[in-house]
Amino acid sequence: MELDLQQLTTEVCRIATEAGNFLRKERRSFSRERVVEKHAHDYVSYVDKESERLLVAQLSALLPEAGFIAEEGSAVYKNEPYCWVIDPLDGTTNYIHDNAPYCVSIALRSCTELLLGVVYEVCRDECFYAWKGGKAWMNGDELHVSKIENIEEAFVITELPYNHRQYKRTAEYLLKQLYGVVGGIRMNGSAASALCYVAAGRFDAWAEAFIGKWDYSAAALIVLEAGGKVTDFFGSEYFIEGHHIIATNGPLHPVFQRLLKEMPPLEM
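The model shown is predicted, which means the values in this text are computed figures rather than measured ones. (Residues numbered from 1 in each chain as written. Predicted model: local features only at pLDDT ≥ 70, side-chain atom pairs only at ≥ 80, totals over all residues. Heavy atoms only, no water.)

1. What to know about the layout of surface pockets
Convention followed: Of the grid points, spaced at 1 Å and generated over the protein atoms alone, those admitting a 1.4 Å probe that cannot get out make up cavities, while open sets with protein on both sides within 12 Å along at least five of seven lines make up pockets; any residue with an atom within 4 Å of a point is treated as lining. Grid points are joined across faces, edges and corners, and a volume is the space filled by probe spheres set on the points. Counting from the N terminus, the helices are the DSSP runs of H or I reaching at least four residues and the strands are the DSSP runs of E reaching at least two. Under the scheme applied here, ten amino acids are nonpolar (Ala, Val, Leu, Ile, Met, Phe, Trp, Tyr, Cys and Pro), four are charged (Asp, Glu, Lys and Arg), and all others, including Gly, are polar. Segmentation of the chain into domains, including their bounds, is taken from an automatic or database domain assignment.
The volume enclosed by the second largest pocket comes to roughly 200 Å³. Lining the second largest pocket are Thr112, Glu113, Leu114, Lys132, Leu221, Leu224, Lys229, Val230, Glu237, Tyr238, Phe239 and Ile240. Secondary-structure elements contributing two or more residues to the lining of the second largest pocket are helix 6 (213-225) and strand 13 (229-232). Of the residues that constitute the lining of the second largest pocket, the class distribution is seven nonpolar, one polar and four charged. Here the lining of the second largest pocket spans two domains, since at least three of its residues come from each of domain 1 (3-140) and domain 2 (149-260).

Structure below.
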């Protein structure tokens, strides 16, 4: 069966927005007492779990032949021909502290490629979306990456994730190489929204290691369809099984690949 990716994307935008509305509503009465620490500084709440339950139910009805890769593990992938990759609340720590941004992220992929991606950023009411070959969009407006070519002008976004024991050397290296060289560095606490901001031209480049497929899959396709470039740290364009990802506007990609190639070995 050949999928109508444009129509599917329209339905997924609706589902993601509904989940985002749930997050917004729950935030008004959110209690930090119901937060659980999965790992050191890595949190989950009843909101993440309920949002994921809602997504799994609706996406299962939309495409029954698809399995799931879901951050909170409420559904699984069993070698189905298609797979939903979902993060019911990307930016949980932001959400807990009532800090923007946070979002719902949904991708559909086959065994070999990304087919559609939707990221609904709750705080700004922005729905970013793309399907393979269909360009990239936000609330009906077409997206394009920036045209910045000089590293000195680059506005870069990265992150300091919770798994600091693995990531610390990477973070120290990146900051040392970029700080004072690029036009600016920011961190926002949500990989999916950060990638979408690259697609929208708000940032010129992003890089992060040790992240899950649910963090980047949807937004990576949005960057690609907006004219950007996405690889793993080692330069491979087949990044969808990886955990170390670079996304740029394209012209800046060789600079970031060189920086990361020279980085001390990643500690797994």
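2. Things to note about helix 5 (residues 191-199)
Going by this rule: Type-normalised accessible area, obtained with a 1.4 Å probe on protein chains alone, sets the label of each residue: buried when under 20%, exposed when over 50%, and partly exposed for intermediate values.
When you tally the buried positions in helix 5, you get nine out of nine residues, the bulk of the element. Among the residues of helix 5, those classed as buried are Ala191, Ala192, Ser193, Ala194, Leu195, Cys196, Tyr197, Val198 and Ala199. Directly after helix 5, the chain includes glycine 201, whose backbone phi takes a positive value near 80 degrees.

3. Focus: the UniProt feature "binding site: Mg(2+) 2" (unreviewed entry) in the chain
Spelled out, the test is: UniProt positions are given in the numbering used here, feature names are shortened, and annotations may be inferred rather than shown by experiment. Any two residues whose heavy atoms approach within 4.5 Å at even a single point are treated as in contact.
The UniProt entry lists Asp90 under the feature "binding site: Mg(2+) 2" (unreviewed entry), expressed in the numbering used here. Tracing the chain through its elements places aspartate 90 in strand 4 (residues 82-90). Each residue touching aspartate 90, except ones within four places of it in the same chain, is listed here: Tyr102, Cys103, Ser190, Ala191, Ala192, Ser193 and Asp215.

4. Things to note about the pattern of salt bridges
We apply this condition: Definition used for salt bridges: Asp or Glu carboxyl oxygen within 4 Å of a side-chain nitrogen of Lys or Arg.
For the structure shown, the criterion picks out twelve salt bridges. Between aspartate 98 and arginine 27 there is a salt bridge, with the nearest N and O atoms lying 3.7 Å from each other. Taken together, the residues aspartate 98 in the loop between helix 3 (92-96) and strand 5 (103-109) and arginine 27 in helix 1 (residues 5-27) connect sequence positions 71 residues apart. Of the residues examined, aspartate 98 reaches a relative accessible area of 51% and is grouped as exposed. Accessibility expressed as a relative area gives 17% for arginine 27, which makes it buried. As a salt-bridge pair, glutamate 241 and lysine 213 come within 3.5 Å of each other at their nearest N and O atoms.

5. Considerations on unusual backbone geometry
A cis amide bond, omega -5 degrees, links alanine 100 with the succeeding residue proline 101. Within the secondary structure, proline 101 is located in the loop between helix 3 and strand 5. Of note, aspartate 125 is a non-glycine position whose phi angle comes to about 55 degrees, a positive value. Structurally, aspartate 125 can be placed in the loop between strand 6 (114-121) and strand 7 (126-131).

6. Re the sheet that holds strand 7
Keep this limit in mind: At least two DSSP bridges between two strands are required for those strands to pair.
Within the open sheet, the seven strands sit side by side as 3-4-5-6-7-8-9. Their pairing is mixed. Either end of the sheet is taken by a strand with one partner, and the two such strands are strand 3 (66-70) and strand 9 (141-142). Across three bridges, the pairing between strand 7 and strand 8 (residues 136-138) is antiparallel. By the bridge assignment for strand 8, phenylalanine 128 is matched with methionine 138.

7. Things to note about a nonpolar patch on the surface
What counts is decided by this rule: A residue counts toward a patch only above 30% relative accessible area and without a salt bridge, and it is joined to like-charged neighbours within 9 Å or, for Val, Leu, Ile, Met, Phe, Trp and Tyr, to nonpolar neighbours within 5 Å. Under the convention used here, a 1.4 Å probe and the Shrake-Rupley method define accessible areas, while residue burial counts only the protein chains that appear.
Where nonpolar side chains cluster on the molecular surface, the patch consists of Leu160, Leu175 and Met187 and spans about 240 Å² of accessible area. With respect to the secondary-structure elements, leucine 160 resides in the loop between strand 10 (155-158) and helix 4 (164-178).

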